[in-house]
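Okay, here's what each chain looks like letter by letter:
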Amino acid sequence: MSTKRLFCDNWEFSKNPFGTEYADTLDFIGVDIPHDWLIYDTKNLYETSTGWYRKHFAYTKAEECVSLRFEGVYMDSKVYVNGTLAGEWKYGYSTFEFDITKLLVEGDNLITVRVDHREPNSRWYSGAGIYRNVYLLTRPEHHITDYKIDTAFRGKDGVLDGKVTVTAEVERPEGEPVAGLTLCHRVFDGEKEVARVENACCAFDKSCMPEPVVQEGCVYSVNTDYLLVENPVLWDIDNPKCYTCITELVKDGAVIDTEKTVFGFRKAVFTTDKGFFLNDKHVKLHGCCEHHDLGSLGAAMYKNALKRKLESLRVIGINAIRTSHNMPA
């Protein structure tokens, strides 16, 4: 079964002149992730510099796929595992993930991350460092790699039923048999199951899906299924009704991987002459623009601080947010 472990504690950090290479002799201090090294010197918020992060962790070899996911590193970053480059990422606002399975060893392992920050930059204050969460992900050899849900409505005797489109990308090692692999999708309203579909054909059967993609010794196949929720309760500002979709990857009758998503149904219409309608009700939008940082706290994303900010905005009447030009945390 896939696991997603928060990987933010017991990191060390060293700030250095731009271009400094890694060495054990660098001056490291303990930090917790998320971390923004620029905010500590408010008189030098545009300093060009290189930061090095490192973390030791123990690992026991197993038949599984292991990857590191960084939700945000500003800006140019390179990730090393036991001294070998796992990958690099240039864009500071997007999530990225590297497969590190073949780089791990039995026992102690060392993760090092180089982050280069230089000015001029993308905006007035970007922050610098691993400023969002880091996760260590483990997956079985057969697993779900990508997953999304879309909702729509279908008319039936004057009543709108909710149509749920579930798309799951599944990965398996190239050459592995595909017999016995199926996908099962279920939608729940609280504890009650309200829709289900099981892909009886093999999840990699060419007769029911596009040609699989082969890359780096693995096979990726995309499966799309449809479920129907009868007469769903709509998500609304005053009643944010949500449902849960659980997808299971089944091999020879046993669940080997699962994904869960919380979602809702709503009708949203924008018109040029009358404005915005939510579930056929006119809503006046009172909006603001929020960038990725937390003001004087810097760019490091603290969940409690973001929650407090959103609650404060609601108190003054804000009901719509534009999340700047890039992906929010």
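The rules behind these values
- Residues numbered from 1 in each chain as written.
- Predicted model: local features only at pLDDT ≥ 70, side-chain atom pairs only at ≥ 80, totals over all residues.
- Heavy atoms only, no water.
- Helix = DSSP H or I, 4+ residues; strand = E, 2+ residues; numbered from the N terminus.
- Expected span 1.5 Å × (residues − 1).
- Buried < 20%, exposed > 50% of the residue type's maximum accessible area, 1.4 Å probe, protein only.
- Polar contact = N/O pair within 3.5 Å; in protein donor to acceptor, adjacent residues only side chain to side chain.
- Contact = heavy atoms within 4.5 Å.
- Salt bridge = Lys/Arg side-chain N within 4 Å of Asp/Glu carboxyl O.
- Phe/Tyr/Trp six-rings, centres within 6.5 Å; stacked < 30°, edge-to-face > 60°.
- Lys NZ or Arg CZ within 6 Å of the ring centre and 35° of its normal.

A. Structural context of helix 1 (residues 303-315). In a regular helix each residue adds 1.5 Å, so 13 residues correspond to 18 Å; helix 1 covers 19 Å between its end C-alpha atoms and thus fits that length. Positive phi shows up at Gly317, right after helix 1, with a value of about 100 degrees.

B. Representation of the side chain of Ser324. Within the element layout of this structure, Ser324 appears in the segment after strand 25 (320-322). Judged by its relative accessible area of 12%, Ser324 falls in the buried class. Of the polar contacts made by the side chain of Ser324, one reaches the side chain of Asn326; its length is 3.1 Å. Residues contacting Ser324, with those up to four places away along its chain left out, are Cys289, Glu290 and His291.

C. Layout of the pattern of salt bridges. Evaluated as defined, the whole model comprises 16 salt bridges. Arg54 is the partner of Glu12 in a salt bridge, and the nearest nitrogen-oxygen pair spans 2.7 Å. You can see Glu12 sitting in strand 2 (residues 11-16) and its partner Arg54 sitting in strand 4 (residues 49-59), a full 42 residues away along the chain. With a closest N to O distance of 3.2 Å, Glu21 and Arg114 form a salt bridge. Taken together, the residues span a long stretch of sequence, with Glu21 in the loop between strand 2 and strand 3 (29-31) and Arg114 in strand 10 (residues 107-117) at a distance of 93 residues. Under the relative-accessibility criterion, Arg114 is labelled buried at 11%. Three or more residues joined by partner-sharing salt bridges are found here, namely Arg186, Glu193, Arg196 and Glu248.

D. The arrangement of the packing of aromatic side chains in detail. Tallying each qualifying case throughout the model produces 18 aromatic pairs. Taken together, a centroid distance of 5.6 Å and an interplanar angle of 70 degrees make the contact between Tyr91 and Tyr93 edge-to-face. Aromatic rings pair up to connect Tyr22, Phe28, Trp52 and Tyr80 into one cluster. Stacked on the ring of Tyr243, the Lys or Arg Lys241 has its end atom at 5.4 Å from the ring centre. The ring of Trp235 is capped by Arg266, whose NZ or CZ atom sits 5.3 Å from the centre of that ring.

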